[in-house]
Amino acid sequence: MDLSRTSARRWLSPVPWGFALLAAVSSLTYGGDQAVNAWASTNLANLGDHPVEALTTSAFLFGADPWASLRGIAFAGAMLAFLAIRFGSMRALALVAAGQVLGTLVSEGLLAARIAAGQADPALRVMVDVGPSYVIVSGLAAVVVAGARRWHRWTAFAALVVRAPHITSGLTTLGVTPVGHVTALFTGMLLAWALRASNAHHRSLHRLTLRAAPLQTEERPDGRALST
């Protein structure tokens, strides 16, 4: 892949711009609406009732503070643009979606097991938990591992370092959010590594194929070239 020729085009990818637009509209309209946040929360009750809607909608609600929301949306959009430049729009979208889904399922699954064992309060089944943090963490981890440019990777790494206290806060007590963050982090890293390795493998095969089958010609009796 010639990244020098695709980077400019992929900055205009519909994935980061579409995400930013939907997140801005959703957050500025419903960020402070308690009923909407309760419905969109990725808690055990909602995952049992409307899992797809909760998993999707919660990723676009950045909070009630409009300026903080817009800053977060701009940051998340830039991170998605880095992924689109490296992997293309659809794979970038699939990668962060995997971080959101796995981060939620692992953390909420652990909570369900702890409630069943009497180790957690059953009231946590309906706790309000919205936001794109699993999307952002998985995306940042993926950019660190496989960013197309060095400054992309260092920017993502610096952001992860700054967010590390928030990402891991409560992990020792197996809190839902930190468990989800760590799951999303490793999901992003592993998927990015796999995609990068797959791309490198395909490029190597392509180069070997070109070297193994060079274009050769020989002269025919009528003077025209014959490919062999």
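Below or above, wherever it landed, is the structure these notes cover. (Residues numbered from 1 in each chain as written. Predicted model: local features only at pLDDT ≥ 70, side-chain atom pairs only at ≥ 80, totals over all residues. Heavy atoms only, no water.)

### Concerning the overall build of the chain
In plain terms, the rule: What counts as a helix is a DSSP run of H or I of at least four residues, what counts as a strand is a run of E of at least two, and both are numbered from the N terminus. Each residue is assigned to one of three classes by its accessible area relative to the maximum for its type, calculated with a 1.4 Å probe on protein chains only: buried under 20%, partly exposed between the two thresholds, exposed over 50%. Residues are treated as being in contact if the distance between any of their heavy atoms lies within 4.5 Å. Calculation of accessible area relied on Shrake-Rupley with a 1.4 Å probe; when residues are assessed, cover is drawn exclusively from the protein chains displayed.
Secondary structure assignment for the chain yields 10 helices and 2 strands. Each helix (α) and strand (β) of the chain, taken in turn from the N terminus, gives the series α-α-α-α-α-α-α-α-α-α-β-β. Within the span of the chain, comprising 228 residues, buried residues form 41% of the whole. Contacts spanning at least 24 positions in sequence make up 71% of the contacts within the chain whose residues lie at least 6 apart. Within the structure as shown, the chain displays about 12,500 Å² of accessible surface, and the carbon and sulfur contribution to it stands at 66%.

### Describing the packing of aromatic side chains
Short version of the rule: Each Phe, Tyr or Trp ring (for Trp, its six-membered ring) is paired with any other whose centre lies within 6.5 Å, and the angle between the two planes then decides the class: stacked below 30 degrees, edge-to-face above 60, tilted in between.
Applying the stated criterion across every chain yields a total of 4 aromatic pairs. Here the aromatic rings of Phe19 and Phe62 are separated by 6.2 Å at their centres, their planes lie at 65°, and the arrangement is edge-to-face. On the criterion of sequence distance, the pair formed by Phe19 in helix α2 (residues 14-30) and Phe62 in the loop between α5 (51-58) and α6 (66-87) is long-range, its members being 43 residues apart. For the pair Trp154 and Phe157, a centre-to-centre distance of 5.8 Å together with 90° between the ring planes defines the contact as edge-to-face. On the criterion of helical spacing, the pair formed by Trp154 and Phe157 is a turn pair, its members being 3 residues apart in helix α9 (residues 150-168). Here a set of aromatic residues connected by ring pairs shows up, and it is made of Phe19, Phe60 and Phe62.

### Focus: a nonpolar patch on the surface
What counts is decided by this rule: Residues with no salt bridge and a relative accessible area higher than 30% make up the patches, which join like charges within 9 Å and nonpolar side chains (Val, Leu, Ile, Met, Phe, Trp, Tyr) within 5 Å. Salt bridge, as used here, is a side-chain nitrogen of Lys or Arg placed within 4 Å of a carboxyl oxygen of Asp or Glu.
A grouping of Leu28, Trp67 and Leu70 is seen on the molecular surface, where their side chains present a nonpolar patch of about 340 Å² in accessible area. Tracing the backbone through its elements, the reader meets Leu28 in helix α2. What makes Leu28 partly exposed here is its relative accessible area of 49%.

### Some details on unusual backbone geometry
Residue Leu174 is not a glycine yet carries a positive backbone phi of 60°. Mapped onto the elements of the fold, Leu174 is located in the loop between α9 and α10 (176-212).

### Some details on the nonpolar core
The cut-off we apply is this: In this text, buried Ala, Val, Leu, Ile, Met, Phe, Trp, Tyr and Cys residues form a nonpolar core when linked through side-chain atoms within 4.5 Å.
Among the nonpolar cores identified, the biggest contains 40 residues, and Phe19, Phe62, Met79, Leu83, Leu95, Leu140 and Ala192 are the most heavily contacted of them. Those elements giving two or more residues to this core turn out to be α2, α6, α7 (89-116), α8 (133-146), α9 and α10. With 10 residues, the top contributor of residues to this core is α8. Not counting chain neighbours up to four residues away, the residues in contact with Leu140 comprise Phe75, Met79, Ala156, Ala159, Leu160 and Arg163.

### Details of the packing of α6 against α9
We apply this condition: Angles run from 0 to 180 degrees between N-to-C directions of axes, and those axes are lines fitted to C-alpha atoms, restricted for helices to the stretch in contact. Any angle that falls under 35 degrees is termed roughly parallel, while one over 145 is termed roughly antiparallel, one within 65 to 115 roughly perpendicular, and all others oblique. We call a crossing left-handed when the near helix sits turned anticlockwise from the far one by less than a right angle, and right-handed when that turn is clockwise. Residue polarity follows a fixed list, in which Ala, Val, Leu, Ile, Met, Phe, Trp, Tyr, Cys and Pro are nonpolar, Asp, Glu, Lys and Arg are charged, and the others, Gly among them, are polar.
In the contact formed by α6 and α9, the axes pass within 11 Å of each other and the chain directions differ by 140°. Looking at the two axes, α6 sits oblique to α9. Both α6 and α9 take part in a crossing whose hand is left-handed. Between α6 and α9, the contacting residues are Phe75, Phe82 and Ile85 on the first element and Trp151, His152, Thr155 and Ala159 on the second. Within the contact of α6 with α9, the residues separate by chemical class into 5 nonpolar, 2 polar and no charged.

### Here's the deal with the layout of surface pockets
Here is the rule: The way it works is a 1 Å grid over only the protein atoms, where trapped points that fit a 1.4 Å probe form a cavity and open points with protein on both sides within 12 Å along at least five of seven lines form a pocket, and then any residue with an atom within 4 Å of a point lines it. Grid points are joined across faces, edges and corners, and a volume is the space filled by probe spheres set on the points.
Volume-wise, the largest pocket comes out at about 370 Å³. Around the largest pocket, the lining comprises 21 residues; the ones closest to its centre are Gly131, Pro132, Ser133, Arg163 and His166. Contributing elements (two or more residues each) for the lining of the largest pocket: α6, α8, α9 and α10. Top element by residues in the lining of the largest pocket is α6. It accounts for 4 residues. Here the residues of the lining of the largest pocket are counted per class, giving 8 nonpolar, 11 polar and 2 charged. Size it by volume and the second largest pocket reaches roughly 270 Å³.

### A look at the side chain of Arg114
What counts here: By the counting scheme adopted, Arg and Lys are positive, Glu and Asp are negative, and His together with the chain ends is not counted.
Here Arg114 is to be found in helix α7. For the buried Arg114, no salt bridge exists, and the shortest N-O distance to an oppositely charged side chain is 9.8 Å, to Glu108. Ignoring sequence-local partners within four residues, the contact set of Arg114 consists of Gln119, Ala120, Thr173 and Leu174.

So far we have only geometry, and geometry alone does not tell us how the molecule works.
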